[in-house]
Amino acid sequence: MKWDTYFSFLSANGATEKERMINQAKHDLITQHKSSLSNKTVCIDGIEYDALILSMNTNASTTNEKKIVMMPGNCIHLGDYVIWNHNKWIVTDVNDDKEVSYSGKIEKCNTLLKFQNSDGKICSYQAVRKSNTGSNTKTSQHVEIISGDCQFYVPYNCETSKIGINKRFMLWNQGLTPEVYKLIGITPMMESIFPFKTGYL
């Protein structure tokens, strides 16, 4: 093979060795996912995508948390709703390394959060509810949780961004009397995507 032909061949797959490695990794991911049992169809913002849905670990108690791996060229962002397996999930973590593909953690919504906005409109959001059933104060990655309190995750948007301390919420309770909670703290997890911001509260 002539040298000019050889270099043309290399350039077709990337100008540098790193680019060639990234492109090869993308090719391998696309090729392998087609035959994987973890290959699923998910819906984000009304658009269907192929993605790998993986268990976080072998612990059965983590069935409400999954790892999602998007195919090269497709994105996910903090606070995105992901519809999969007839359930709505929220993206609560995104891997910083996106050269090959976007990946992160999704958590399954398990409650319907209702509140009244400044215009008097009742807003409803699928949310992730986490309760601390222990007797001692515990510290998680996002916020300090005191026993008896609950932690909720909802997407950040123009409505939820206006929620203030002491705001009261109603939770759907399977047809029974709604549960009412008061907000005592907010810990935004944000991701800047010019000119917008995404994330969850």
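Summarised in this report is the structure supplied together with it.

How each quantity is defined
- Residues numbered from 1 in each chain as written.
- Predicted model: local features only at pLDDT ≥ 70, side-chain atom pairs only at ≥ 80, totals over all residues.
- Heavy atoms only, no water.
- Helix = DSSP H or I, 4+ residues; strand = E, 2+ residues; numbered from the N terminus.
- Buried < 20%, exposed > 50% of the residue type's maximum accessible area, 1.4 Å probe, protein only.
- Contact = heavy atoms within 4.5 Å.
- Areas by Shrake-Rupley, 256 points an atom, 1.4 Å probe, with all protein chains shown as cover.
- Core = buried A, V, L, I, M, F, W, Y, C linked by side-chain atoms within 4.5 Å.
- Phe/Tyr/Trp six-rings, centres within 6.5 Å; stacked < 30°, edge-to-face > 60°.
- Expected span 1.5 Å × (residues − 1).
- Arc of directions from axis to C-beta.
- Pairing = 2+ DSSP bridges.
- Axes fitted to C-alpha atoms, helices over the stretch in contact; angles between N-to-C directions.

**Regarding the overall build of the protein**
Scanning the protein from N- to C-terminus turns up 2 helices and 15 strands. Looking at the protein as a whole, 32% of its 201 residues qualify as buried. Within the protein, contacts between residues at least 6 apart in sequence are counted, and of these 44% link residues at least 24 apart. Of the roughly 12,900 Å² of accessible surface on the protein, a fraction of 51% belongs to carbon and sulfur atoms.

**A few points about the nonpolar core**
Core analysis: the largest hydrophobic core is formed by 16 residues, its most contacted members being Leu113, Phe115, Tyr125 and Phe169. Secondary-structure elements contributing two or more residues to this core are β7 (111–116), β8 (122–131), β11 (150–153) and β12 (168–171). Every residue in contact with Tyr125, bar those within four places of it in the chain, is listed here: Tyr81, Thr111, Leu112, Leu113, Phe115, Val154, Asn157, Glu159 and Thr160. Leu78, Val82, Trp84 and Trp89 belong to the second largest nonpolar core, which has 15 residues in total.

**Details of the packing of aromatic side chains**
A full pass over the atoms with the stated rule returns 2 aromatic pairs. Aromatic pair Trp84 and Trp89: ring centres 5.4 Å apart, planes at 45 degrees, arrangement tilted. Judged by relative accessible area, Trp84 falls into the buried class, the value being 14%. We classify Trp89 as buried; its relative accessible area is 2%. With a centroid separation of 6.1 Å and 10 degrees between ring planes, the pair formed by Phe115 and Tyr125 is classed as stacked. You can see Phe115 sitting in strand β7 and its partner Tyr125 sitting in strand β8, a full 10 residues away along the chain. Of the residues examined, Phe115 reaches a relative accessible area of 4% and is grouped as buried. For Tyr125, a relative accessible area of 11% puts it in the buried group.

**Describing helix α2 (residues 17–33)**
If you check α2, its first and last C-alpha atoms are 24 Å apart, about what 17 residues at 1.5 Å a residue would give, namely 24 Å. For α2, the full list of buried residues reads Ile22, Leu29 and His33. An end-on view of α2 places all buried positions within 25 degrees of arc, on one side of the element. In α2, the exposed positions that point more than 90 degrees away from the buried face belong to Glu17 and Gln32.

**Things to note about the sheet that holds strand β13 (residues 179–182)**
Reading across the sheet, the 5 strands line up as β11-β8-β7-β12-β13 and stay open at both edges, with antiparallel pairing between neighbours. What marks the edges here is a single partner per strand, and that holds for β11 and β13. Ignoring which end each strand starts from, the neighbouring axes of this sheet average 40 degrees apart. Across 2 bridges, β7 lies against β12 in antiparallel orientation. Of the residues in β12, the one forming a bridge with Leu113 is Leu171.

**Concerning the pairing of strand β1 (residues 39–44)**
Relative to strand β2 (residues 47–55), β1 is paired through 6 bridges, and the arrangement is antiparallel. Across the sheet, Thr41 pairs through a bridge with Asp50, a residue of β2. With antiparallel pairing between neighbouring strands as the criterion, β1 and β2 make up a hairpin whose turn holds 2 residues, including Asp45 at a positive phi of roughly 55 degrees.

**Some points on unusual backbone geometry**
Phi is positive for Asp45, which is not a glycine, with a value near 55 degrees. With respect to the element layout, Asp45 can be found in the loop between β1 and β2. A residue is classified by how much of its surface remains accessible, and Asp45, at 69% relative accessible area, is exposed.

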